[in-house]
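Observations on chain architecture
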Amino acid sequence: MTDGQRPGRRPGRRPGSADTRGEILAAARRTFAEKGFDKATVRGIARAAGVDPALVHHYFTSKEGVFVAAMELPIVPDEVIPQVLTGPREEMGERLVRFILTVTSDAEARQPLLALVRTAMTNEKAAGMIREFMTHALLLRVAEALDIPPIRMEAAFAQLFGVVLARYVLELEPLASAGIEELVALLAPAVQRYLDGSR
């Protein structure tokens, strides 16, 4: 084996380069747009980018990770879910509300999310892609971990999503200028009721 060769690397596949990450993201955007979140695969994205699937995993860990990076979303499921689930269950509503409000308070972080939502309102393919991602990568996973019906998790998400839109798209006052902790105190009890599952 000569210097620079990697054992096990298949012929015809490029190793990682300075531009590989960007090429994977471009291929991922095309693949998700064409197939939606559910039907897209890491292998398919890798094929479209002309790289080995191991490189996709190297840069992004999972399909969810590729999606988040490709769409420039501020929420990574594998990071968010443990944050929400770790700690007393009776404080989960508070943790979830504070997390969503804190993440979306950063203008740079929320702009790609709001842009994607605006696109989804007029584009059914985009709406389906976001719906599949939110349902399978986030909401169902949390619902299963909490052992609650999915509709409860979806209702909690819908309430928080509505607050984010009212706060940053419609800019309703005084909601738009209210502090995070004030909103946490207001919203956490209602969200907690959805998550408790027994009421």
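Things to note about the overall build of the chain
For the chain, the count of helices and strands is 10 helices and zero strands. Across the 199 residues that make up the chain, the buried fraction comes to 44%. When contacts within the chain are restricted to residue pairs at least 6 apart in sequence, long-range pairs at least 24 apart make up 67% of them. When the accessible area of the chain is evaluated, it comes to approximately 11000 Å², of which 55% is carbon and sulfur surface.

Description of the nonpolar core
In this structure, Phe32, Val56, Phe67, Leu96, Phe133, Met153 and Leu195 are the most contacted members of the largest nonpolar core, which totals 63 residues. If we ignore the near neighbours within four places in the chain, the residues touching Phe133 are Phe37, Glu64, Phe67, Val68, Leu73, Pro77 and Leu138.

Remarks on the side chain of Arg167
Here Arg167 is to be found in helix H9 (residues 150-168). With no salt bridge to any partner, buried Arg167 finds its closest opposite charge in Glu173, at an N-O distance of 7.5 Å. At a separation of 2.9 Å, a polar atom in the side chain of Arg167 contacts the main-chain carbonyl oxygen of Ala178. Ignoring anything within four residues of it in the chain, the contact list for Arg167 reads Leu175, Ala176, Ser177, Ala178, Ile180 and Leu183.

Thoughts on the environment of Ala145
Tracing the chain through its elements places Ala145 in helix H8 (residues 124-146). Among the residues examined, Ala145 registers a relative accessible area of 48% and is labelled partly exposed. Taking the C-alpha atoms as reference points, Ala145 and Ile81, separated by 64 residues in sequence, lie 9.4 Å from one another.

Details of the packing of aromatic side chains
Considering all chains together, one arrives at seven aromatic pairs under this definition. Measuring from ring centre to ring centre gives 4.9 Å for Phe32 and Phe67, while their planes differ by 85°; the resulting arrangement is edge-to-face. Within this pair, whereas Phe32 is found in helix H1 (residues 20-39), its partner Phe67 is found in helix H4 (residues 63-71), the two being separated by 35 residues in sequence. On the basis of relative accessibility, which here comes to 1%, the residue Phe32 falls in the buried class. An aromatic cluster is present here, built from Phe32, Phe37, Phe67 and Phe133 joined pairwise through their rings.

Points about the packing of H1 against helix H3 (residues 53-60)
The interhelical angle for the contact between H1 and H3, taken along N-to-C directions, is 100°, at an axis separation of 11 Å. In terms of their interaxial angle, H1 and H3 are classed as roughly perpendicular. Within the contact between the two elements, H1 uses Thr20, Arg21, Ile24 and Leu25 and H3 uses Leu55, Val56, Tyr59 and Phe60. A per-class count over the contact of H1 with H3 returns six nonpolar, one polar and one charged.

Observations concerning a positive patch on the surface
A contiguous patch of positive charge, built from Lys35, Lys39, Arg43 and Arg47, is present on the exposed surface. Elements with a contribution of two residues or more to the positive patch: H1 and helix H2 (42-49). Its location among the elements puts Lys35 in helix H1. Of the residues examined, Lys35 reaches a relative accessible area of 47% and is grouped as partly exposed.

About the thresholds
- Residues numbered from 1 in each chain as written.
- Predicted model: local features only at pLDDT ≥ 70, side-chain atom pairs only at ≥ 80, totals over all residues.
- Heavy atoms only, no water.
- Helix = DSSP H or I, 4+ residues; strand = E, 2+ residues; numbered from the N terminus.
- Buried < 20%, exposed > 50% of the residue type's maximum accessible area, 1.4 Å probe, protein only.
- Contact = heavy atoms within 4.5 Å.
- Areas by Shrake-Rupley, 256 points an atom, 1.4 Å probe, with all protein chains shown as cover.
- Core = buried A, V, L, I, M, F, W, Y, C linked by side-chain atoms within 4.5 Å.
- Lys, Arg positive; Asp, Glu negative; His and termini not counted.
- Salt bridge = Lys/Arg side-chain N within 4 Å of Asp/Glu carboxyl O.
- Polar contact = N/O pair within 3.5 Å; in protein donor to acceptor, adjacent residues only side chain to side chain.
- Phe/Tyr/Trp six-rings, centres within 6.5 Å; stacked < 30°, edge-to-face > 60°.
- Axes fitted to C-alpha atoms, helices over the stretch in contact; angles between N-to-C directions.
- Parallel < 35°, antiparallel > 145°, perpendicular 65-115°, else oblique.
- Nonpolar A, V, L, I, M, F, W, Y, C, P; charged D, E, K, R; others polar.
- Patch = residues over 30% accessible without salt bridge, like charges linked within 9 Å, V, L, I, M, F, W, Y side chains within 5 Å.
- Charge placed at Lys NZ, Arg CZ, Asp CG, Glu CD.

So yeah, pure geometry; function would need other evidence.
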